[in-house]
Amino acid sequence: MKKKNATNTDKKKHQSHLQVLEGGKKDSSQGAIFVEAEATNTRLMGVVGLHTHYLFGEDHVHQFFYFDAEEYGFDDYKGFATSSEKADSQEEAQVEAIKTQMFGALGGKWIDLTEEEALYLIGYYVAFNQENSIEFPDQVAEYLWLVEASQGVEEEEANGLMDKICVKLRSHYEIINYYLMRCCGQDLSAIRYLCTEEGMADVISPSSPATLFKNDITETEERHTYRAVSLVEVDDKYYNFVSIISVSKGKVTSARQISVLPISTWEASIILKKPEYVIHLENDEGKEEFHQLLDSIFPAFTQSTHSQGELYVIYSTDNSHVKKAHYRLDEDTISVVLATNSGEIIIEGQDPNSTAGTATALLVARELKGKAPYKTLGNYQFTDPIMGLFLDSDLDSFKTFLELVSGPEE
């Protein structure tokens, strides 16, 4: 399942009005000198980040594209330009800041691309939007020249692109998990990449893009053949899919669905339920100061604003959870941190060590800045999703909320 873009909102499909000129690369990018391009190797998660760098006279132009292979296509864009006189570490820092903001949650590495590969990637997702009548991101005037340039690039010029933007698969478990994710996402190009020609199959075939929440893989008696039990959500309904999948030389060679069983939302919640660990701290820092502290520690997080304060979801810097025989979608999350408007920090996680590690990192970073450590208000374990309940409440203070909730274990 793809990771969510921090800036993504639910977009309604409607007719795009992007007009692409005929002519291709030479006419459209006149005066542009290609410097570099790079993309994330996260294609098998269903998303790809792209950064291009061109020189126009004395101006360095950096442009960033967020591509979604399942539903949203060319989904987000940012860009900036700086003069050659100012092209120094400040420019580099701005590039890294945008990459972290837009793509930090993807968990991938940046891989160098040729100009043709970058343009082909842009053209592919422009066509995706046009074919599916999906709105293009704002600031069209900034990136239209690249869209026009991409029209002159043939598929043959980007033959090795898929190998670059897909992570190198190291185990059969990883292959199967990615394969089932792409089946859920109705992502035929990625399914083809993961399967041999003879083994090409979609064992889930949802009516619309689905989410693979959990997948348990066990070996069968047949060599390199596995049984996968997958918890999948399709259009707000849950199903258990059972599949038999064979793997050889890094590809799925055969796959067949054995059964599919509808289950209730309550049953799905029981299957996914895990204890939640919470560390409650007192906070005397402002929003910007706390954000800077968090940014100095964690390279991958998203931020959202709620009535109670700022919510940060801290992610792992890789997708190693996909390598497990027992995969869970949420295991790429290290912890969730809420800095409330009432002067509290709530750190929540499903692993006690990761939750404690987040708290320790914040405490150490604060001490390194010469400040007194945060005061600890409590450590708790809950059986219910307490952070969600608090965010859905009308209360501003977590301390007050706890006084109304029974069941925490000190």
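Not measured: the values here are computed from a predicted model.

(A) Representation of the environment of glutamate 71. Mapped onto the elements, glutamate 71 comes out in the loop between strand E3 (59-68) and strand E4 (73-83). Using a relative accessible area of 30% as the deciding quantity, one classes glutamate 71 as partly exposed.

(B) Quick peek at a positive patch on the surface. A surface patch of like charges, here positive, comprises Lys109, Lys168, Arg170 and Lys323. Inspection of the secondary structure puts lysine 109 in the loop between helix H2 (89-103) and strand E5 (110-113). Given the relative accessible area of 60%, lysine 109 is considered exposed.

(C) Structural detail: the pattern of salt bridges. One pass over the full model with this rule turns up 16 salt bridges. With a closest N to O distance of 2.6 Å, aspartate 187 and arginine 43 form a salt bridge. Here aspartate 187, found in the loop between helix H6 (172-184) and helix H7 (188-194), pairs with arginine 43, found in the loop between strand E1 (32-40) and strand E2 (47-56); they are 144 residues apart in sequence, far enough to count as distant. This pair shows no difference in class: aspartate 187 is buried, exactly as arginine 43 is.

(D) Spatial organisation of H6. Helix length check: H6, at 13 residues, gives a terminal C-alpha distance of 18 Å against a target of 18 Å (1.5 Å per residue), a fit within 8%. The buried count for H6 comes to 11 of 13 residues, which makes it a mostly enclosed element. Looking only at H6, the buried set comprises Glu174, Ile175, Ile176, Asn177, Tyr178, Tyr179, Leu180, Met181, Arg182, Cys183 and Cys184. The inward-facing, buried residues of H6 contact H7, strand E6 (211-219), strand E7 (225-234), strand E8 (237-248), strand E9 (251-263) and strand E13 (326-328). Looking at the residues trailing H6, positive phi occurs at glutamine 186, about 55 degrees.

(E) Focus on the nonpolar core. Core analysis: the biggest nonpolar cluster contains 31 residues, and Ile176, Tyr179, Leu180, Ile204, Val232 and Ile245 have the highest contact counts within it. Counting residues per element, the ones that place at least two in this core are H6, H7, E6, E7, E8 and E9. With eight residues, the top contributor of residues to this core is H6. Filtering out sequence-adjacent residues up to four positions away, tyrosine 179 remains in contact with Ile191, Leu194, Cys195, Ala201, Asp202, Val203, Ile245, Val252 and Ala255. Of all hydrophobic cores here, the second largest spans 30 residues; its members include Ala32, Ala69, Leu113 and Ala149.

(F) Here's a closer look at the sheet that holds E1. In spatial order, the strands read E4-E3-E2-E1-E5; together these five strands make up an open sheet with antiparallel pairing. Two strands in the sheet have a free side with no partner beyond their single neighbour: E4 and E5. Averaged over all neighbouring strand pairs, the angle between strand axes comes to 20 degrees, with direction disregarded. Note that E3 and E4 share 10 bridges and pair antiparallel. Counterpart to phenylalanine 64 in the pairing with E4 is lysine 78. Across the sheet, helix H3 (residues 115-131) lies against E1, E2, E3, E4 and E5, angled at about 125 degrees from E2, the strand it touches most.

(G) Spatial organisation of the side chain of aspartate 187. Here aspartate 187 falls in the buried class, since its relative accessible area comes to 3%. A distance of 2.6 Å separates the side chain of aspartate 187 from the side chain of arginine 43, its partner in a polar contact.

(H) Representation of the side chain of lysine 99 in the model. Counting through the fold element by element, lysine 99 comes out in helix H2. Taking relative accessible area as the criterion, lysine 99 reaches 8% and is therefore assigned buried.

(I) Here's a closer look at the packing of aromatic side chains. Applying the stated criterion to the full structure yields 27 aromatic pairs. Between the aromatic rings of phenylalanine 103 and tryptophan 110, the centroid separation amounts to 5.4 Å while the plane-to-plane angle is 75 degrees, which identifies the pairing as edge-to-face. In this structure, lysine 251 packs its charged tip against the face of tyrosine 193, placed 4.3 Å from the ring centre. In this structure, arginine 366 is placed above the aromatic ring of tyrosine 374, and the distance from its NZ or CZ to the ring centre is 4.5 Å.

What counts as what
Residues numbered from 1 in each chain as written. Predicted model: local features only at pLDDT ≥ 70, side-chain atom pairs only at ≥ 80, totals over all residues. Heavy atoms only, no water. Helix = DSSP H or I, 4+ residues; strand = E, 2+ residues; numbered from the N terminus. Buried < 20%, exposed > 50% of the residue type's maximum accessible area, 1.4 Å probe, protein only. Patch = residues over 30% accessible without salt bridge, like charges linked within 9 Å, V, L, I, M, F, W, Y side chains within 5 Å. Areas by Shrake-Rupley, 256 points an atom, 1.4 Å probe, with all protein chains shown as cover. Salt bridge = Lys/Arg side-chain N within 4 Å of Asp/Glu carboxyl O. Lys, Arg positive; Asp, Glu negative; His and termini not counted. Charge placed at Lys NZ, Arg CZ, Asp CG, Glu CD. Expected span 1.5 Å × (residues − 1). Contact = heavy atoms within 4.5 Å. Core = buried A, V, L, I, M, F, W, Y, C linked by side-chain atoms within 4.5 Å. Pairing = 2+ DSSP bridges. Axes fitted to C-alpha atoms, helices over the stretch in contact; angles between N-to-C directions. Polar contact = N/O pair within 3.5 Å; in protein donor to acceptor, adjacent residues only side chain to side chain. Phe/Tyr/Trp six-rings, centres within 6.5 Å; stacked < 30°, edge-to-face > 60°. Lys NZ or Arg CZ within 6 Å of the ring centre and 35° of its normal.

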